[in-house]
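So you can see what is in the structure, the chains are spelled out below.
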Amino acid sequence: MECMFGPVLWSWPSTYGFTEDLSWIGAGSSLPGIIAAKCGAEVILSDSSELPHCLCICEQSCQMNNLPQVRVAGLTWGHISQDLLALPPQDIILASDVFFEPEDFEDILTTVYFLMQKSPKIQVWSTYQVRSADWSLEALLFKWDMKCVHIPLESFDADKEDIAESALPGRHTIEMLVISLAEDTLN
């Protein structure tokens, strides 16, 4: 795959993740984190500590793209682990399509909330495919003192049926949002 900053090589499973000082939750194939690292961000890729093969894919993606400085950490949503405790403060968390199983939503936001306690100005940049109109983060965001801003895809020309000459997103509804601590929490 060619990008504006050179070749990016990757292997397939899934993509979700962290970046500026950037973290990447559930990195899968780590493509967004790899791109961020190629652009100069300090990146930590993570995936479930319970899925060592996913962590190996992250490490392979780093090796294939000559990114030895990118750290890979095993983090499991909702679990406080040594790797989670050892993370330095972050600026941005990239989370691509992590909101696909409603039973995981609170574990994801619990992990994010923990990271927000270290870095109150951190933002979570997330894209996800809408799988059911009945699923919502609203109550959980309120519970964890977070807010969400929807970013219209047309604001950066990503509202087409085919992006970058691929079949993605096709006819799927894709949403982008930025999650942060609620303003009153920051004061």
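Residues numbered from 1 in each chain as written. Predicted model: local features only at pLDDT ≥ 70, side-chain atom pairs only at ≥ 80, totals over all residues. Heavy atoms only, no water.

## So, the overall build of the protein chain
- Within the protein chain, the regular secondary structure consists of 6 helices and 9 strands.
- A burial count over the protein chain gives 43% of its 187 residues as buried.
- As displayed, the protein chain offers around 10100 Å² of accessible surface, 55% of which is attributable to carbon and sulfur atoms. (Helix = DSSP H or I, 4+ residues; strand = E, 2+ residues; numbered from the N terminus. Buried < 20%, exposed > 50% of the residue type's maximum accessible area, 1.4 Å probe, protein only. Areas by Shrake-Rupley, 256 points an atom, 1.4 Å probe, with all protein chains shown as cover.)

## A look at the pairing of strand β6 (residues 92-96)
- Burial within β6 is extensive, with 5 of its 5 residues counted as buried.
- Side chains Ile92, Leu94 and Ser96 project from β6 onto one buried face, and the interleaved Ile93 and Ala95 project onto a second face that is buried too.
- As judged from the 5 bridges shared by β6 and strand β7 (residues 123-129), these two strands associate in the parallel manner. Pairing of isoleucine 93 across the sheet is with valine 124, part of β7.
- Taken together, β6, helix α4 (residues 102-118) and β7 form a β-α-β motif whose crossover is right-handed. (Pairing = 2+ DSSP bridges. Right-handed = clockwise from strand over helix to strand, strands pointing away.)

## Remarks on α4
- The end-to-end C-alpha separation of α4 is 26 Å, in line with the 24 Å expected for 17 residues at 1.5 Å each.
- Buried residues along α4 sit in contact with α3 (82-86), β6, β7, α5 (138-143), β8 (146-151) and β9 (174-181). (Expected span 1.5 Å × (residues − 1). Contact = heavy atoms within 4.5 Å.)

## Topic: the environment of cysteine 56
- Along the chain, the position of cysteine 56 falls in helix α2 (residues 52-64).
- For the pair cysteine 56 and valine 72, spaced 16 residues apart in sequence, the C-alpha separation works out to 8.9 Å.

## Things to note about the packing of aromatic side chains
- A full pass over the atoms with the stated rule returns 2 aromatic pairs.
- Between phenylalanine 99 and phenylalanine 105, the aromatic rings sit 5.5 Å apart at their centres with planes inclined by 80 degrees, giving edge-to-face as the arrangement.
- You can call phenylalanine 99 buried: its relative accessible area is 4%. (Phe/Tyr/Trp six-rings, centres within 6.5 Å; stacked < 30°, edge-to-face > 60°.)

## Side note on the confidence of the model for the protein chain
- Mean pLDDT over the protein chain works out to 77, with 73% of the residues at or above the 70 mark.
- Summarising per-element confidence for the protein chain, the mean pLDDT is lowest in strand β1 (residues 2-3) (35) and highest in α5 (92).
- This model gives residues 1-26 a pLDDT under 50, and the stretch forms 120 contacts once residues within four places in sequence are excluded. (pLDDT = per-residue confidence, 0-100.)

## What about unusual backbone geometry?
- Its identity as a non-glycine residue notwithstanding, asparagine 66 has a phi of 55 degrees, on the positive side.
- Within the secondary structure, asparagine 66 sits in the loop between α2 and β5 (71-74).
- The exposed category is assigned to asparagine 66, whose relative accessible area is 62%.
- Here aspartate 145, not a glycine, exhibits a phi torsion of approximately 55 degrees, which is positive.
- Note on placement: aspartate 145 falls in the loop between α5 and β8.
- Of the residues examined, aspartate 145 reaches a relative accessible area of 37% and is grouped as partly exposed.

## Describing α2
- For α2, with 13 residues, the first-to-last C-alpha span of 18 Å sits near the 18 Å given by 1.5 Å per residue.
- Among the residues making up α2, those that are buried are Cys54, Leu55, Ile57, Cys58, Ser61 and Cys62. All buried residues of α2 lie within an arc of 155 degrees about the axis, which places them on one face of the element. Along α2, the residues that are exposed and aim more than 90 degrees away from the buried face are Pro52 and Gln63.
- Contacts from the buried residues of α2 go to α1 (31-38), β4 (42-47) and β5.
- Phi turns positive one or two residues past the end of α2, at asparagine 66, with a value near 55 degrees. (Arc of directions from axis to C-beta.)

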